[in-house]
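Inside the fold
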Amino acid sequence: MHAINLALARRFERLADLLEIRGDEAYKIRAYRRAAETLYQLHEPVTRYAEEGRLRELPGIGPALARKIQEFLETGEISALTRLQREVPPTLLDLLHLPGLGPAKVRALWKTLGITDLPSLEAALRAGKVHQVPGFGARTVDRLLKALAEFQARPPEHLLAHARDMGSFLVQWLRDVPGVHRAEITGPVRRWVPFVPHLDLLVAASVPPGELLSILLGHPLVETGRVQDDGRLELRDLEGLPIMVHLAGEASFGTAWAVTTGSVAHWQGLQRLAEAKGWHLSPQGLGPVGEETPIPDEETLYTALDLPWIPPELREGRGEIEAARQGALPSLLPWDAWKADLHTHTRWSDGALDLRDLVTAAWKRGLRVIAITDHSPAQHVANGLSVERLRKQREEVEKVRAEWGDRILILHGAEVDILPDGSLDYPDEVLAELDIVIASPHMALRQDAQEATQRLVRAASHPWVDIIGHPRGRMWPRRPGLPLDMDALLRAALEHQVALEVNSNPHRLDLGEEDLRRAAQAGVLIAINTDAHHPHDFAYHLFGVALARRTWVDPTLVLNAWEPERLMAWLRERKSRA
DNA sequence: GCCGTTTTCGGCCCGACTGTTTTCAGTCG
């Protein structure tokens, strides 16, 4: 992903959202969304297409959009968007996040009551004005008040994937600036916290803060920014992600990086170790009080405290310092140990690639095993496979398998829906024909804990099921997912030796952190999958691996790190018992 | 606003559900 493509895509999406609220023609709006999608998928920077006069070759880009892209590349602005934002307040877009409010209802609120943002909506709701608007009844008012309260109670969390992208864009941007000696990602993003409140950067530079600010404001994805009283820079990107830029001297970069990385509990643990030695640890350095020595890198800091360097994703104050002191840090799943994706989709259901192309993409990624697991019939919207089509797909799998030989192991499987009562969406004799079966919940995600737990336990006990996919079915930020008695599910998984999935899609990360920690302690088998629908989705595995490292998952329990022969033996053994 | 050999204008994805209505508009996936 290139920053310039993302910057344009976001602006086209915003144009589409604002036009929709204004009530423009639906197909025009769709054209902007399509153009945004094209830019997201584009491998090369759009600048190259512009330079070569090839913008019109991109799908969904016609004369009008090509002109807007050209304008943005030359001026950093799209005048149509600037004008539109003056007419339709962009704060109205916040209202779209509330369930039940779409563009038409937002327009009605704006036009009849002059509501322009969340506070004015809340005021109007409380003043009883909203039910006067046609289309808004008592139920809607109630629901909106509830949604508003929930929305405000929730700390603003952002996608780690987006924060990491932004972090690397800005770090690259800064490293090209003369006078910037070092720029690094720090804070919760560096620790791979699954959902983050903000992005933190640490910069050592001989450039005054004001100048640094204008350099950062020149980045196409940065929207606003200011220098705080304490000298830090506070910025916000196009998606509303807050970005804190901390400044440090080059000589004390090590301590500054450790303190800004956190967590607070981990840093305090380090300070206690320093105190035990009669020293003082501060962001400026380490040593006897008043004589702290600046420390330029983290390795030196940890060594001075008689510790091995502790990876950021472990620094949560959950016993990692004690473990490190005793030389008993857990053995972590290596970043490059992920060699199998056991959950992927092709164009047979809702994936973007033909089966053959997906296998090629997997092989290019260095995967040694790929399971093709398209949807079952209950997923109409996703074009789920009838039994007949599933069997036809098997023929294609066998052809592709013959082409690839033993370079990559291709498994034919399915992601079969777990129906609300816990039964599965294919009959047993069909499941028996598959190499691997993932069972996942997609529908009826508002069940109560008892119903949902019974449902998942029943699926986990099914003889043909190998993996439970995204067990809660959560989807950030809209769907919290099923409430579950996790211990009951873990017991069932252990008893039947079924693996639970960590779905690495950054919107899912399900199992989540708490669930996974308990699963790891219970010794349940774990499958880290990407649920890839596009070839670039394979990159998601990093989020799953990071989660496994954060929760101290024993690498030997991770199916995706096994040798293909062992995985096959496990699957065969399960089949023979079923 | 884009697209195309049925082509330079007319079509572009749609069905289920919900809440508000009294026959349907808007949301959601």
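**Looking at the protein's contact with DNA strand B**
Of all residues adjacent to DNA strand B, which total 29 residues, the nearest are Gly62, Gly100, Gly102, Gly137 and Thr140. For DNA strand B, the backbone makes up 75% of the atoms found within 4 Å of the protein, where backbone means sugar plus phosphate. Contact between DNA strand B and Tyr32: a phosphate oxygen at 3.2 Å from a side-chain N or O atom of the residue. Gly62 is positioned with one of its backbone polar atoms (N or O) 2.6 Å from a phosphate oxygen of DNA strand B. Mapped onto the surface near DNA strand B, the elements with two or more residues apiece are α2 (26-41), α4 (63-75), α6 (103-113) and α8 (138-153). With five residues, α2 is the largest single contributor of residues to the surface near DNA strand B.

**Details of the pairing of strand β7 (residues 242-247)**
Within β7, five of the six residues are buried, leaving the element largely enclosed by the surrounding structure. Bridge analysis of strand β4 (residues 199-205) against β7 gives five bridges, and the strand direction is parallel. Along β7, the bridge assignment pairs Leu199 with Ile243. Bridge count between strand β6 (residues 233-237) and β7: four bridges; the pairing is antiparallel. Pairing of Leu235 across the sheet is with Ile243, part of β7. Hairpin geometry of β6 and β7 is characterised by an intervening segment of four residues between the two adjacent antiparallel strands and by a positive phi of about 85° at Gly240.

**Description of the domain arrangement of chain A**
Domain assignment breaks chain A into domain 1 (3-150), domain 2 (158-247), domain 3 (253-325) and domain 4 (340-577). Computed over C-alpha atoms only, the centres of domain 1 and domain 2 are separated by 25 Å. Opposite the eight residues of domain 1 that make contact, domain 2 presents seven residues. When domain 1 packs against domain 2, close to 710 Å² is buried across both sides, 62% of that on carbon and sulfur atoms. Of all residues in domain 1, Ala3, Arg10 and Arg14 bury the most surface against domain 2, accounting for 56% of the area lost on that side.

**Looking at the sheet that holds β4**
Judged by pairing direction, the sheet is mixed, and its five strands sit side by side in the order β2-β4-β7-β6-β5 without closing on themselves. What marks the edges here is a single partner per strand, and that holds for β2 (180-186) and β5 (222-227). On average, adjacent strands in this sheet sit at an angle of 20° to one another, irrespective of strand direction. As paired elements, β2 and β4 share six bridges and run antiparallel to each other. Paired with Arg182 across the two strands is Ala204, which belongs to β4. Together, β2, β4, β5, β6 and β7 form the strand contacts of helix α9 (residues 160-175), whose direction differs from that of β2 by roughly 175°. Packing of helix α12 (residues 253-261) onto the sheet brings it into contact with β2, β4 and β7, and relative to β2 it is tilted by some 25°.

**A few points about the side chain of Thr255**
Relative to the elements of secondary structure, Thr255 occurs in helix α12. In this structure the side chain of Thr255 is engaged in a polar contact, spanning 3.1 Å, whose partner is the backbone oxygen of Ser252. Discounting residues that sit within four places of it in the chain, Thr255 has contacts with Trp267, Leu281, Ser282, Pro283, Gln284, Gly285, Ile295 and Leu301.

**Some thoughts on helix α22 (residues 541-550)**
Within α22, nine of the 10 residues are buried, leaving the element largely enclosed by the surrounding structure. Listing the buried residues of α22 in full gives His541, Phe543, Gly544, Val545, Ala546, Leu547, Ala548, Arg549 and Arg550. Buried residues in α22 make contact with α9, β15 (499-503), α21 (513-522) and β16 (526-529). Just beyond α22, the residue with positive phi is Trp552, at close to 60°.

**Remarks on unusual backbone geometry**
Here Gly262 and Ser263 are connected by a cis peptide whose omega angle stands at -5°. Along the chain, the position of Ser263 falls in the loop between α12 and α13 (264-276). One non-glycine residue with positive phi stands out, namely Asp306, at about 60°. Along the chain, Asp306 turns up in the loop between α14 (298-304) and α15 (320-325). Here the phi dihedral of Asp531 falls at roughly 60°; this positive angle occurs in a residue that is not glycine. Here Asp531 is to be found in the loop between β16 and α22.

**Comments concerning the layout of surface pockets**
To locate leftover empty space, one rolls a probe as large as a water molecule over the atoms. Empty space within the second largest pocket amounts to approximately 180 Å³. Every residue lining the second largest pocket is listed: Arg11, Arg14, Gly76, Glu77, Ile78, Leu81, Thr82, Gln85, Val222, Glu223 and Leu238. Contributing elements (two or more residues each) for the lining of the second largest pocket: α1 (3-22), α5 (79-87) and β5. When its residues are assigned to classes, the lining of the second largest pocket shows four nonpolar, three polar and four charged. Each of domain 1 (3-150) and domain 2 (158-247) accounts for three or more of the residues forming the lining of the second largest pocket.

About the thresholds
- Residues numbered from 1 in each chain as written.
- Chains lettered and ligands numbered in written order.
- Predicted model: local features only at pLDDT ≥ 70, side-chain atom pairs only at ≥ 80, totals over all residues.
- Heavy atoms only, no water.
- Near = heavy atom within 4 Å.
- Polar contact = N/O pair within 3.5 Å; in protein donor to acceptor, adjacent residues only side chain to side chain.
- Helix = DSSP H or I, 4+ residues; strand = E, 2+ residues; numbered from the N terminus.
- Buried < 20%, exposed > 50% of the residue type's maximum accessible area, 1.4 Å probe, protein only.
- Pairing = 2+ DSSP bridges.
- Domains from an automatic or database assignment.
- Contact = heavy atoms within 4.5 Å.
- Buried area = accessible area lost by both parts, 1.4 Å probe.
- Axes fitted to C-alpha atoms, helices over the stretch in contact; angles between N-to-C directions.
- 1 Å grid on protein atoms, 1.4 Å probe; cavity = no way out; pocket = protein on both sides within 12 Å on 5 of 7 lines; lining within 4 Å.
- Points joined across faces, edges and corners; volume = space filled by probe spheres on them.
- Nonpolar A, V, L, I, M, F, W, Y, C, P; charged D, E, K, R; others polar.

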